[in-house]
Amino acid sequence: MTQDELKLVVAQAAIAYVVEGEIVGVGTGSTANFFIDELAKIKHKVKAAVASSEVTAARLRSHGITVLDLNEVTSMPVYIDGADEITPQGAMIKGGGAALTREKIVASVAEKFVCIADGSKLVDVLGKFPLPVEVIPMSHAVVARKLNALGGEARLRMKDGEPLLTDNGNMILDVHGMQILDPLTMEAEINNIVGVVTVGLFARQGANVCLLGTAEGVKTLQF
């Protein structure tokens with residue numbers, strides 16, 4: 001199976017976690033896009049969705065799915081999103097789609113985080129995928145120096161020759177070459193750096209379930 005085919009099968013499997021008549025939180029990225037397209041097939045069964053990015057909100061609306069501002073929502077049963085890496089313990093690196101802060105905020109409201117990913121995303125140690133860190137623009141140089149001191153190489157994410165800006169108007173530093181042996185401690189340490197908005201480590205609040213697409217079918221990991 002191709003990577004896209006694996007993403008599709010986990011997106012289809014994730015529909016079983018959508019609670020009828022309730023609000024569903026929806027992530028950002030290629031795997032989340034497959035989920036949105038599947039969600040459209042049962043849109044009459046959901047009350048609305050909360051999107052983790054403007055891109056996701058636009059895709060949901062294009063399918064006729066109502067999108068609510070998170071401030072209008074007090075609770076939601078489930079948040080469904082992909083991951084750039086995930087460990088057998090449910091800790092993740094996220095933010096390849098530049099939506100890490102909003103993803104973490106929306107996930108914090110949900111009762112359950114369902115991660116959908118192809119099998120290549122399962123790793124024993126996080127860090128082969130560069131770790132995204134969203135930063136206040138005026139702080140990117142000083143934060144980069146502090147991230148480098150932790151053992152990585154922080155590079156400003158660029159797009160069309162300019163620093164990429166998130167939906168929040170911030171910049172992203174991608175930290176290369178860091179082996180993250182203790183995701184929980186590293187998440188707290190980076191979040192405590194002045195100028196950091198949030199780090200794309202989801203360890204303190206990781207996935208509750210991971211639907212992993214493999215050549216043998218969808219494997220369900222519970223954490």
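Structure first, text after, so check above.
Summarised in this report is the structure supplied together with it. Residue indices begin from 1 for each chain and proceed along its sequence in written order. Side-chain atom pairs in this predicted model are given and counted only at pLDDT of 80 or more, local residue features only at pLDDT of at least 70, and totals for whole chains, interfaces and linings cover all residues. Side-chain numbers come from the whole structure's heavy atoms, not from hydrogens or water.

**Notes on the nonpolar core**
Filter applied, for reference: To define a nonpolar core, start from buried Ala, Val, Leu, Ile, Met, Phe, Trp, Tyr and Cys residues and group those joined through side-chain atoms within 4.5 Å. Think of it in three bands: residues with accessible area under 20% of the maximum for their type are buried, residues over 50% are exposed, and the middle band is partly exposed, with areas taken using a 1.4 Å probe on protein chains only. Note on contacts: a residue pair is in contact if any heavy atoms of the two residues lie within 4.5 Å.
Counting 25 residues, the largest nonpolar core has F35, L39 and L60 as its most contacted members. Residues within four places of F35 in sequence aside, it is in contact with A11, A14, I15, V18, V24, V26, I80 and I116. Counting 22 residues, the second-largest nonpolar core is a separate cluster that includes V133, M178, V196 and V199.

**Notes on the environment of G161**
Applied cut-off: A run of H or I in DSSP becomes a helix once it reaches four residues, and a run of E becomes a strand once it reaches two; helices and strands are each numbered from the N terminus.
Following the sequence through the fold, G161 ends up in the loop between β9 (158-159) and β10 (162-163). Sequence separation between G161 and G21 is 140 residues; the distance between their C-alpha atoms is 45 Å.

**Observations concerning the sheet that holds strand β11 (residues 171-176)**
Pairing between the strands of a sheet comes from backbone hydrogen bonds, and it takes one of two forms, parallel or antiparallel. Here is the rule we go by: DSSP bridges decide pairing: two strands pair if at least two such bridges lie between them. Convention adopted: a line fitted to C-alpha atoms gives each axis, helices being fitted over their contacting stretch, and angles between N-to-C directions are expressed from 0 to 180 degrees.
Sheet architecture is open: four strands sit in the order β8-β11-β7-β12, paired in antiparallel fashion. The open sheet is flanked by β8 (153-156) and β12 (196-199), the only strands paired with a single partner. The sheet shows a mean angle of 30° between the axes of neighbouring strands, direction not considered. The sheet strands contacting helix α4 (residues 100-109) are β7 (131-135), β11 and β12, and the helix crosses β12 at an angle near 65°. On top of the sheet, helix α6 (residues 183-191) reaches β7 and β12; it is set at about 165° to β12, its chief contact.

**Some thoughts on helix α5 (residues 140-149)**
Rules: The arc refers to the directions leading from the helix axis to the C-beta atoms.
When we look at burial in α5, the residues that qualify are V143, A144 and L147. Seen along its axis, α5 keeps its buried residues to an arc of 105°; they face one direction. Relative to its buried face, α5 has exposed residues pointing more than 90 degrees away, namely R145 and A149. Just downstream of α5, G151 is the residue with a positive phi angle, here 110°.

**Digging into the packing of aromatic side chains**
Selection criterion: Between the rings of Phe, Tyr and Trp (Trp by its six-membered ring), a pair exists once the centres lie within 6.5 Å; its type follows the angle of the planes, with under 30 degrees stacked, over 60 edge-to-face, and the other angles tilted.
Under the counting rule described, the total for this entry stands at two aromatic pairs. Aromatic pair Y79 and F113: ring centres 5.1 Å apart, planes at 90°, arrangement edge-to-face. Pair noted here: Y79 is in strand β3 (residues 76-81) and F113 is in strand β6 (residues 110-118), with a separation of 34 residues, a long-range link. A relative accessible area of 0% means that Y79 is categorised as buried.

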